[in-house]
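Coordinate analysis (summary)
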Amino acid sequence: MSKKISTHKRPTWDEYFLDVAKLVAKRATCLRRSVGAVLVKDKRILATGYNGAPSGLKHCADVGCMRQKLKIPSGERHELCRALHAEQNALIQASLYGISVKGSTMYATCQPCIICVKMIINAGIKEIVIAEGYPDKMALDFLKEAKIKIKKIK
């Protein structure tokens, strides 16, 4: 009996979880950027999050984007936004259900901003895997200082 040889290339774990983050991003309600985040430990998904308005509040699709109206560039004035970031929502979901994320890896469709990075540092996340960058050098500087690895993959 011969063994069937598969020509299918399995994704690496990083590719797999980043693909999950891309799927999660499809739930985003932000009009400017769809972002997804997945928290993983020991190859198990702990929590997910996407960017959008807080639970029960109207989405930007319903009321418009304040940042667009004010012509605020990406990476600036995060407080002028209805939405929570995907990374924030993943951390909040974990906390709502009593799940520790200490020592976990965050997979995100783009590099976290400085606000999210400060939360990631304090949550004890050890590594971040991203698909694309973001215009926030301070966030990268903080990650380096905190010795949190950030890896970009396609």
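First, a word on what this report is: a plain description of the structure on this page. All values derive from a computational prediction rather than experimental measurement.

The rules behind the values
- Residues numbered from 1 in each chain as written.
- Predicted model: local features only at pLDDT ≥ 70, side-chain atom pairs only at ≥ 80, totals over all residues.
- Heavy atoms only, no water.
- Salt bridge = Lys/Arg side-chain N within 4 Å of Asp/Glu carboxyl O.
- Helix = DSSP H or I, 4+ residues; strand = E, 2+ residues; numbered from the N terminus.
- Buried < 20%, exposed > 50% of the residue type's maximum accessible area, 1.4 Å probe, protein only.
- Core = buried A, V, L, I, M, F, W, Y, C linked by side-chain atoms within 4.5 Å.
- Contact = heavy atoms within 4.5 Å.

With that settled, consider the pattern of salt bridges. For the coordinates displayed, the defined rule picks out 6 salt bridges. Between Lys151 and Asp14 there is a salt bridge whose closest N-O contact spans 2.5 Å. Taken together, the residues span a long stretch of sequence, with Lys151 in strand E5 (residues 149-152) and Asp14 in helix H1 (residues 13-25) at a distance of 137 residues. Among the residues examined, Asp14 registers a relative accessible area of 17% and is labelled buried. One network of salt bridges, with partners in common, ties together Asp14, Glu127 and Lys151.

Once that is clear, we can look at the nonpolar core. One finds Leu39, Met106 and Ile125 to be the most contacted residues of the largest nonpolar core, which totals 24 residues. Residue assignment for this core shows that the elements contributing at least two residues are strand E1 (36-41), helix H4 (86-96), strand E3 (105-108), helix H5 (114-123), strand E4 (127-130) and helix H6 (137-145). Aside from chain neighbours lying at most four places away, what touches Met106 is Ala37, Val38, Leu39, Glu87, Leu91, Ile120, Ile125, Glu127, Ile128 and Val129. One finds Phe17, Leu18, Tyr107 and Ile153 within the second-largest nonpolar core, a separate group that totals 11 residues.

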